[in-house]
Amino acid sequence: MPYVRPIVNTKLYEIRVQQSTNIYRIFYFAYTGQRFILLHGFQKKTQKTPNKEIELAEKRRKEFLAQEKQNDSNDTKTKKKRKKR
């Protein structure tokens, strides 16, 4: 199995890490083509990835995007104020 794979029905990807007998997963997504945002990591103890882990990562992705949108909006307002001076 590959070390990285997409998560079905989401915009997330999964990094697979194995150390000794422990298996870990890290969910992430690509942002603006140059940044990878790591959202959630956990130790995998069952064959199937629990939906609650995917849902948490998806929630964090949406929160990140909302915060970025808010930051962009604030940056635009600041630039307009500076131009008026």
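Here is what the cut-offs are and how they apply
- Residues numbered from 1 in each chain as written.
- Predicted model: local features only at pLDDT ≥ 70, side-chain atom pairs only at ≥ 80, totals over all residues.
- Heavy atoms only, no water.
- Helix = DSSP H or I, 4+ residues; strand = E, 2+ residues; numbered from the N terminus.
- Contact = heavy atoms within 4.5 Å.
- Areas by Shrake-Rupley, 256 points an atom, 1.4 Å probe, with all protein chains shown as cover.
- Buried < 20%, exposed > 50% of the residue type's maximum accessible area, 1.4 Å probe, protein only.
- Lys, Arg positive; Asp, Glu negative; His and termini not counted.
- Salt bridge = Lys/Arg side-chain N within 4 Å of Asp/Glu carboxyl O.
- Polar contact = N/O pair within 3.5 Å; in protein donor to acceptor, adjacent residues only side chain to side chain.

**Student:** Describe the overall build of the protein chain, naming the residues involved and giving the relevant values.
**Tutor:** Scanning the protein chain from N- to C-terminus turns up one helix and four strands. Overall, the protein chain shows an N-to-C arrangement of helices and strands of β-β-β-β-α. Restricting the contact set of the protein chain to residue pairs at least 6 apart, pairs at least 24 apart contribute 24%. Counting every atom, the protein chain has about 7,000 Å² of accessible surface; 50% of that belongs to carbon and sulfur.

**Student:** So what about the side chain of E53? Which residues, and what values?
**Tutor:** For E53, the location among the structural elements is in helix α1 (residues 51-84). Summary of buried charges: E53 has no salt-bridge partner, and the nearest side chain of opposite charge, K52, is 4.5 Å away. Within the local environment of E53, its side chain forms a polar contact with the side chain of H40, the two groups lying 2.5 Å apart. Contacts of E53, omitting those with residues within four sequence positions, involve F27, H40 and F42.

**Student:** Describe unusual backbone geometry, with residues and values.
**Tutor:** The phi angle at N9 is positive, at roughly 65°, despite the residue not being glycine. Structurally, N9 is set in the loop between β1 (4-6) and β2 (13-19). Judged by relative accessible area, which is 79%, N9 ranks as exposed. Even without glycine at this site, S20 takes up a positive phi of about 60°. One can find S20 in the loop between β2 and β3 (22-31). The exposure class of S20 is exposed, given its relative accessible area of 63%.

By themselves these figures say nothing about function.
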